[in-house]
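Residues per chain are reported as follows:
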Amino acid sequence: MMNGGGGGGQKKRAPRIEPFRHRVETDPKFFDKSWRKLHDAIREIYNHNASGLSFEELYRTAYNMVLNKFAPQLYEKLTENMKEHLEDMRTCIDAAQGGLFLEELQRKWNDHNKALTMIRDILMYMDRTYIPTNKKTPVFDHGLELWRDTIVRSPTIQGRLSDTLLELIHSERTGEVINRGLMRTTTKMLMDLGLSVYQDDFERPFLEVSASFYSGESQQFIECCACGEYLKQAERRLSEESERVSQYLDVKTHEKITAVVVNEMLANHMQRLILMENSGLVNMLVEDRYEDLTRMYTLFNHVPDGLTTIRSVMASHIKDTGKSLVTDPERLKDPVDFVQRLLNMKDKYDNIINVSFSNDKSFLNALNSSFEHFINLNNRSPEFISLFVDDKLRKGVKEANEEDLETVLDKVMMLFRYLQEKDLFEKYYKQHLAKRLLSGRAASDDSERSMLVKLKTECGYQFTSKLEGMFTDLKTSEDTTQGFYASTSSELLADAPTISVQILTTGSWPTQTCNTCNLPPEIVSVSEKFRAYYLGTHNGRRLTWQTNMGHADIKATFGNGSKHELNVSTYQMCVLMLFNSSDVLTYREIEQSTAIPAADLKRCLQSLALVKGKQVLRKEPMSRDIADDDSFFVNDKFTSKLFKVKIGTVAAQKETDPEKLETRQRVEEDRKPQIEAAIVRIMKSRRVLDHNSIMMEVTKQLQPRFMPNPVVIKKRIESLIEREFLERDKTDRKMYRYLA
Amino acid sequence: MCTPAAGRGRVHLNVGGRVFETTAATLACAGRDTMLDTSWNASHDDAAGGGGGAAAEYFIDRDPACFAVLLDLLRTGGLHVPPGVPEATLYREALYYGLLDRVRAARLGDFDGDRLRLSASVPGRAPGDGTAVRAAPDGGCCVAHGGAVRVYNWMLDERRPVYYPGHAPVNDAAYLDAATLLVAARERPGRRGDDGGVAAFSALTGGLRHRFRVAHDRQPRSFTAGALAVDDGGGCRVFASCKGRFNEYGIGVWDANTGEQADFFYEPPGCALGDADRLQWLDGTSTLMVTTMFPRTDSSFISLLDFRDKSVVWSWSDVGTPASLEDKHAVHAVVMEDGRSVCVINQYENLGFLDLRSSAGGVRWRSRSKLATGGKTKALISEEVCYPKLATYGGQLFASTGDTVSVFSGPDHVLTSTLRGSQGGAICDFSIGGDRLFALHSEENVFDVWETPPPAII
């Protein structure tokens, strides 16, 4: 047997070689030691005792901890440690009584901030390496989060803090003086903790409290204050809140608190304020209270729909006052005053809008549409406006200043723009202009022309072409008259009176068909010569004498020997010339020999015999009205300080009712061809169109001149159908077809 | 925090046994949030009572040689590293003092294609060939190799690689910002469901942030993501060419931050979008250029998409060009920086231009644009053909051909520089960003780093 030596004995162990393992043992207590060092340092820092610390050593310690992968533990320990310190601080803050609470909070906040900066510096290496790769909050921000959670949002402090702040603000609102610096630092702290902290813990309750405060206050004010007073109050409150924000709140709060004040003080009471009796908007407008109006505008600018409301109240007020003005029968008596009042009213509101409503476009539009509305309520407005212009241009000499006249005319043009029946205005203007030109009473050619230019720019060439024709006529007439005298030998005209003939183109002038009166023989002879001359130079023309429109200068020697030059109308001249051959004449005799229409003759006799101081004739019996049997004779005792005496005609400036009717009819007549022309123009381009569209298009085309009446349009269409310009569609009766 | 008293005083620093004397003002140059500046204020505040005099000495337990370099940086603003100091050590020390950003700024001058200098060649260790290299905004880069993306910080230290879930092969990568990397991966046949697609990763840790999924008719579908682009103008959107299993081809659009799918541009007939191998976002016109190029497809196709009204604004294709020119294919394209033209290059390294303002014109090939052919023989010998690529940066046009990158400058794109670095074979991809140019070579898996040194002072 071969038993292994020492059978059953010890097995020989194969020598095992231990691998050479040099284990790098880090000090097992390394973390605890290092942390203890930092822990102590942090305690010293919180105890304001950091001077003995070596920053370099602490930085290196933290660095080594991070290098040895202890960063997560370090971060955790740090959190724990800071929390403990903050808990201590909270106890101190809790203990602070009354007014000291905020101050204590502030002191601790400063301490924590200072400490946090130092801790952050020490742990900077961790901030740079461990934090970003692991998506942790950096040390400083983490410290702020801890402050927020342990202090600001702790159950004992959170409510107390916001209550204290709100109470202070309330007492400041009621007029007390508070420590604004402390308020500022406290709100700054909340902002530093993040916008959400500021908003949730302070701003939201602040806005709620403010809303209820201002809702109460506004309720109280509105009961006892006038509108202007109330608005002043609101303005003051708004500026107070702005100042508060700038003093100790976040800028972003400005918009929100402004909205609260505006809502509570203005928006909720808007209707009541604007419509307030005796002091509301209407009152301010009436009394031109620019300051109050400005305030109202700026304040309600913040309120949604605020300006719209002001605007509509203003517009309806303008419409009402305007309506009562234009429909007041008293005002209709004096057209010049009527228009002057309109102009004054326009000026007043222009000023208000300019000064108080910052020249707001929408307000200007409202003003314009209101004027347009009420001016057209009175269908005599076009006539009155023309009369006003007539007044201004005639009396131009008195006014003297051309620039002033220019501004007045510009303003009148504003009113003119509002007119719907511009063609009616044109009619009247033509009449008035003719009178001015023929009687030589146009004050200034320049002003007349400038008015024409204004009308032209407003309404186009067509509108003024006839008016311009009138000026041309006058110019050529002058030349013709000169030519007449130059070509006719002086012996032929030796004794005859001098005549000046205005040749008026038919159509350009508002000529009325009138029966020519019998002119005195002297005049007849010279005018026949002129007719011969004129027709000799111009072939194929026809001259008709418009005796109702001329005027004459006659030299008169009265019984008492006084000599005067009388400036009279052609009719008056005819009458006066009769007295060269007879001393006494009855009305009927005068009428027979002159053939002047009765109405005109009466008017002309009235002005000769009944106007005080200008009684060239005397009448028997002395009464205002003229009967057929009344007799007239020359007033021998006629005296006047002046050598030249102007005898006016008792003429109604305003149209009499029948005249008015006539003018209206003529205008209606003139409109017919215009409407027809418009219809044909439209149909020519469209070929086929339904009734409603024609109505619309025609109205649109003619609107700048006048508002066509739908009934008239319809009649015109029918007339055009009769004359075979148009036809109705065979199948659809509403359609019209253009026949070329 | 800055105390004016400290501004005047002289300071003695004992760093690792070597005493440096400097002024507090010089140290304050380091700026807030650095160890030197804060250490100064903190110690000053606290030691004011004890030290009193200006000649207090502070001890810092660090390497003095590196501190000398860093102090020099604070004094002069320039970085000069003596031969004895390894860069890695210097960077470590800079990190300790909190001066790393300053070192980086001093290290990398403003990028200029004509003054580039080869600063490093980093060998790769990945098994396969690299498919793409991408420059990070901070000077780092990443290289996509098969199933992994290798990430380097600006000091060219390798971080943890990024793996697409399931190690799906990577087609493209893009930096959303310096800390976020987007990866597009291929779906592999035979796998069920969740394979391929686009995902965002942390470039620092390699961790997955979120995936960008595609749903068709509210049904989530798996897909292969080809090329990536980022709308960095402010829309913060991510685009990728997508190929689904059920012919759902097109361009996917996602919100970069949330990963929510924002849109999907389905491929209209006659437009190859899902196969696209390159996307480029054009800020000026808010359009996306999509190119699908030979040899991936038989012919090349370029289009500009407007996502606001889902329209193809402009397109060009070489389908139907005469047979004699058939072999001249555009293989890469880039929109010029003025946004008015597209530059293309063919496999024979000719440059051509397409006008974006008219859709009619063809490619204007430049007659004598044949590039330098120094390393060409080698490129031809190698089995893997690397097609040329293009890029624009700072008004210059860059083209990689063979083992060379050519730089063209000026309005007429005149060849001004050629860059040739390692013997790593042909360049298969290059990328410019963070003041650096990275060129990935196909054979040795090495990438070259080109930098612009600070300009000469006088």
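Residues numbered from 1 in each chain as written. Chains lettered and ligands numbered in written order. Predicted model: local features only at pLDDT ≥ 70, side-chain atom pairs only at ≥ 80, totals over all residues. Heavy atoms only, no water.

1. Here we look at the packing of helix H21 (residues 422-438) of chain A against helix H22 (residues 445-459) of chain A
Residue and element names in this part refer to chain A.
Phase 1: Remark: H21 packs on H22, axes separated minimally by 13 Å, with the N-to-C direction vectors making an angle of 165°. One finds that H21 runs roughly antiparallel with respect to H22. At the point where H21 passes H22, the crossing takes the left-handed sense. Here H21 contributes Lys-422, Phe-425, Tyr-429, Leu-433 and Arg-436 to the contact with H22, which in turn contributes Glu-448, Met-451, Leu-455 and Cys-459.
Phase 2: Each residue belonging to the contact of H21 with H22 can be placed in one class, and the counts come to six nonpolar, no polar and three charged. (Axes fitted to C-alpha atoms, helices over the stretch in contact; angles between N-to-C directions. Helix = DSSP H or I, 4+ residues; strand = E, 2+ residues; numbered from the N terminus. Parallel < 35°, antiparallel > 145°, perpendicular 65-115°, else oblique. Left-handed = near helix turned anticlockwise from the far one by under 90°. Contact = heavy atoms within 4.5 Å. Nonpolar A, V, L, I, M, F, W, Y, C, P; charged D, E, K, R; others polar.)

2. Examining a positive patch on the surface
Residues and elements named next belong to chain A.
Phase 1: Taken together, Lys-435, Arg-441, Arg-603, Lys-614 and Lys-646 make up a surface patch of like positive charges.
Phase 2: Relative to the helices and strands, Lys-646 resides in strand E6 (residues 644-646).
Phase 3: A relative accessible area of 43% places Lys-646 in the partly exposed class. (Patch = residues over 30% accessible without salt bridge, like charges linked within 9 Å, V, L, I, M, F, W, Y side chains within 5 Å. Areas by Shrake-Rupley, 256 points an atom, 1.4 Å probe, with all protein chains shown as cover. Salt bridge = Lys/Arg side-chain N within 4 Å of Asp/Glu carboxyl O. Lys, Arg positive; Asp, Glu negative; His and termini not counted. Charge placed at Lys NZ, Arg CZ, Asp CG, Glu CD. Buried < 20%, exposed > 50% of the residue type's maximum accessible area, 1.4 Å probe, protein only.)

3. Some words on the interface of chain B and chain A
Phase 1: If you look at the interface, chain B gives 21 residues, while chain A gives 18 residues.
Phase 2: Note on chain B versus chain A: buried area summed over both sides is about 1,700 Å², and carbon and sulfur give 59% of it.
Phase 3: Applying the counting criterion to the chain B and chain A interface returns one salt bridge.
Phase 4: Note that B:Asp61 is salt-bridged to A:Arg60, the shortest N-O span being 3.7 Å.
Phase 5: Linking chain B to chain A there are three residue pairs in polar contact (both at pLDDT 80 or more).
Phase 6: In the side of chain B that touches chain A, the residues fall into eight nonpolar, six polar and seven charged. (Buried area = accessible area lost by both parts, 1.4 Å probe. Polar contact = N/O pair within 3.5 Å; in protein donor to acceptor, adjacent residues only side chain to side chain.)

4. Some details on unusual backbone geometry
Leaving glycine aside, a negative phi is the common case for residues, and trans is the common case for peptide bonds.
Residues and elements named next belong to chain B.
Phase 1: A positive phi angle, close to 50°, is found at His-167, a residue other than glycine.
Phase 2: With respect to the helices and strands, His-167 occurs in the loop between strand E8 (162-163) and strand E9 (170-177).
Phase 3: The class of His-167 is partly exposed, set by a relative accessible area of 48%.

5. Topic: the sheet that holds strand E9 (residues 735-738) of chain A
Residue and element names in this part refer to chain A.
Phase 1: Read across the sheet, three strands follow the order E7-E9-E8 without closing on themselves; strand pairing throughout is antiparallel. Where the open sheet ends on each side, the last strands, each with one partner, are strand E7 (688-690) and strand E8 (726-728). Averaged over all pairs of adjacent strands, the angle between strand axes in this sheet comes to 30°, irrespective of strand direction.
Phase 2: Relative to E9, E7 is paired through three bridges, and the arrangement is antiparallel. Residue pairing across strands places Val-688 opposite Arg-737, the latter belonging to E9.
Phase 3: Lying over the sheet, helix H29 (residues 691-702) contacts E7 and E9, oriented at roughly 90° with respect to E7.
Phase 4: Relative to E8, helix H30 (residues 710-722) is tilted by about 100°, and along the sheet it contacts E8 and E9. (Pairing = 2+ DSSP bridges.)

6. Describing helix H9 (residues 195-224) of chain A
Phase 1: In this model H9(A) runs 41 Å from its N-terminal to its C-terminal C-alpha over 30 residues, within 8% of the 44 Å that 1.5 Å per residue would give.
Phase 2: A:Glu203 marks where H9(A) bends most, by close to 35°; the proline A:Pro205 follows one to four residues later. (Expected span 1.5 Å × (residues − 1). Bend = angle between axes of the 7 residues up to and from the residue.)

7. What about the side chain of A:Asp360?
Residue and element names in this part refer to chain A.
Phase 1: Position of Asp-360 relative to the elements: it lies in the loop between helix H16 (335-355) and helix H17 (361-375).
Phase 2: Arg-311 provides the closest opposite charge to the buried, unpaired Asp-360, separated from it by 5.2 Å.
Phase 3: Contacts of Asp-360, omitting those with residues within four sequence positions, involve Tyr-297, Leu-307 and Ile-353.

Structural measurements only, silent on function.
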